[in-house]
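A closer look at the structure
If you want the building blocks of each chain, they are given just below.
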Amino acid sequence: MTKFLLGHAKEEMGHMLKFFEFLDDLGAQIALHGHQRPVISAGNVRELFLRIQEEERKVTAHIVEAITLARAENSFETDSFLEWFSREQHEEEKLCRKILDRIDLIGEGPHTAYFIDKELGSLAA
């Protein structure tokens, strides 16, 4: 599970860098402001992935807001750039559903953690 989550975190950092590169290419002034770190507490793996799914849905909503604004301002270049993120968010949400489905299929038992870890390991590969 750790390998999966750390790999996913690396991918998300790459997405952040895409935004920076896009803004830099436009000559935009880039300023980083404090961002509240999400506090994700979960009693078990299923709860953890439900929280991750909630965060992904929030990101999707922000991307949709940005696309709506880009289209209202006829910023075709920005709209095109954000379309990639829209498709990526579709994949992120689909992945969350897939993981939650597998967790539900595995169920609760003495070897639950082992099987979930094995499933996430296969997704990380």
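In this report, we go over the structure that sits alongside the text.

Cut-offs and rules
- Residue indices follow the written sequence of each chain, beginning from 1 at its first position.
- Local features are withheld for residues below a pLDDT of 70 in this predicted model, meaning they are given only at 70 or higher, and side-chain atom pairs are given and counted only at 80 or more; totals for whole chains, interfaces and linings count all residues.
- Remark: hydrogens and water are excluded; side-chain values derive from all non-hydrogen atoms of the structure.
- Nonpolar core, defined: a set of buried Ala, Val, Leu, Ile, Met, Phe, Trp, Tyr and Cys residues in which side-chain atoms within 4.5 Å join the residues together.
- Partly exposed residues are those whose accessible area sits between 20% and 50% of the maximum for their type, while under 20% is buried and over 50% is exposed, using a 1.4 Å probe and protein chains only.
- Runs of H or I in DSSP of at least four residues are treated as helices and runs of E of at least two as strands, each being numbered from the N terminus.
- In what follows, a contact means two residues having at least one pair of non-hydrogen atoms within 4.5 Å.
- Here a salt bridge means any side-chain nitrogen of Lys or Arg lying within 4 Å of a carboxyl oxygen belonging to Asp or Glu.
- Here a helix's expected span is defined as the number of its residues, less one, multiplied by 1.5 Å.
- Any N or O atom pair separated by 3.5 Å or less is treated as a polar contact, with the protein-specific requirement of one donor-capable and one acceptor-capable atom, and with residues adjacent in sequence counted only for side-chain atom pairs.
- Within this analysis, patches are made of residues with over 30% relative accessible area and no salt bridge. Like charges are joined at 9 Å or less; nonpolar side chains (Val, Leu, Ile, Met, Phe, Trp, Tyr) at 5 Å or less.
- Only the protein chains shown count as cover for residues, and the accessible areas themselves come from Shrake-Rupley with a 1.4 Å probe.
- Whether two aromatic rings pair depends on their centres lying within 6.5 Å, for rings of Phe, Tyr and Trp, where Trp uses its six-membered ring; planes under 30 degrees apart make the pair stacked, over 60 edge-to-face, and the rest tilted.
- Distance and angle both matter: a charge sits over a ring if NZ of Lys or CZ of Arg is within 6 Å of the ring centre and within 35 degrees of the ring normal.

**A look at the nonpolar core**
Core analysis: the biggest nonpolar cluster contains 11 residues, these being Phe 4, Val 45, Leu 48, Phe 49, Ile 52, Cys 96, Ile 99, Leu 100, Ile 103, Ile 116 and Leu 120. Elements with a contribution of two residues or more to this core: α2 (45-72), α3 (76-106) and α4 (112-124). For Ile 116, the residues in contact, after removing those within four places along its chain, are Met 1, Val 45, Ile 103 and Ile 106. Counting seven residues, the second largest nonpolar core, distinct from the first, contains Ile 67, Ala 70, Leu 82 and Phe 85.

**A few points about the pattern of salt bridges**
All told, the structure shown has nine salt bridges when counted by the stated rule. The salt bridge involving Glu 93 is made with Arg 57; its shortest N-O contact spans 3.9 Å. Of this pair, Glu 93 sits in helix α3 while Arg 57 is found in helix α2, placing the two residues 36 residues apart along the sequence. The buried category is assigned to Glu 93, whose relative accessible area is 15%. The network of salt bridges with common partners includes Arg 51, Glu 54, Glu 55 and Lys 58.

**A few points about α2**
When the terminal C-alpha atoms of α2 are compared, their 41 Å separation across 28 residues agrees well with the 40 Å that a helix rising 1.5 Å per residue should span. Among the residues making up α2, those that are buried are Val 45, Leu 48, Phe 49, Ile 52, Gln 53, Glu 56, Thr 60, Ile 63, Ile 67 and Ala 70. As for α2, its buried residues are in contact with α1 (2-25), α3 and α4. Its side-chain oxygen 3.1 Å from the backbone nitrogen of Arg 46, Asn 44 forms the N-cap of α2. Among the residues trailing α2, Asn 74 stands out with phi positive, at a value near 55°.

**Overview of a nonpolar patch on the surface**
On the surface, Leu 23, Leu 26, Ile 30 and Leu 32 cluster together to form a nonpolar patch covering roughly 360 Å² of accessible area. Within the secondary structure, Leu 32 is located in the loop between α1 and α2.

**What about the packing of aromatic side chains?**
Applying the stated criterion across every chain, the model contains seven aromatic pairs. Ring centres of Phe 4 and Phe 49 lie 6.2 Å apart, and the angle between their planes is 50°; on these two criteria the pair is classed as tilted. Here Phe 4 is found in helix α1, whereas its partner Phe 49 is found in helix α2, with 45 residues between them in sequence. Aromatic pair Tyr 114 and Phe 115: ring centres 5.2 Å apart, planes at 70°, arrangement edge-to-face. Members of the aromatic cluster, each reached through a chain of ring pairs, are Phe 19, Phe 22, Phe 81, Trp 84 and Phe 85. The lysine or arginine in question, Lys 18, covers the ring of Trp 84, its NZ or CZ lying 4.5 Å from the ring centre.

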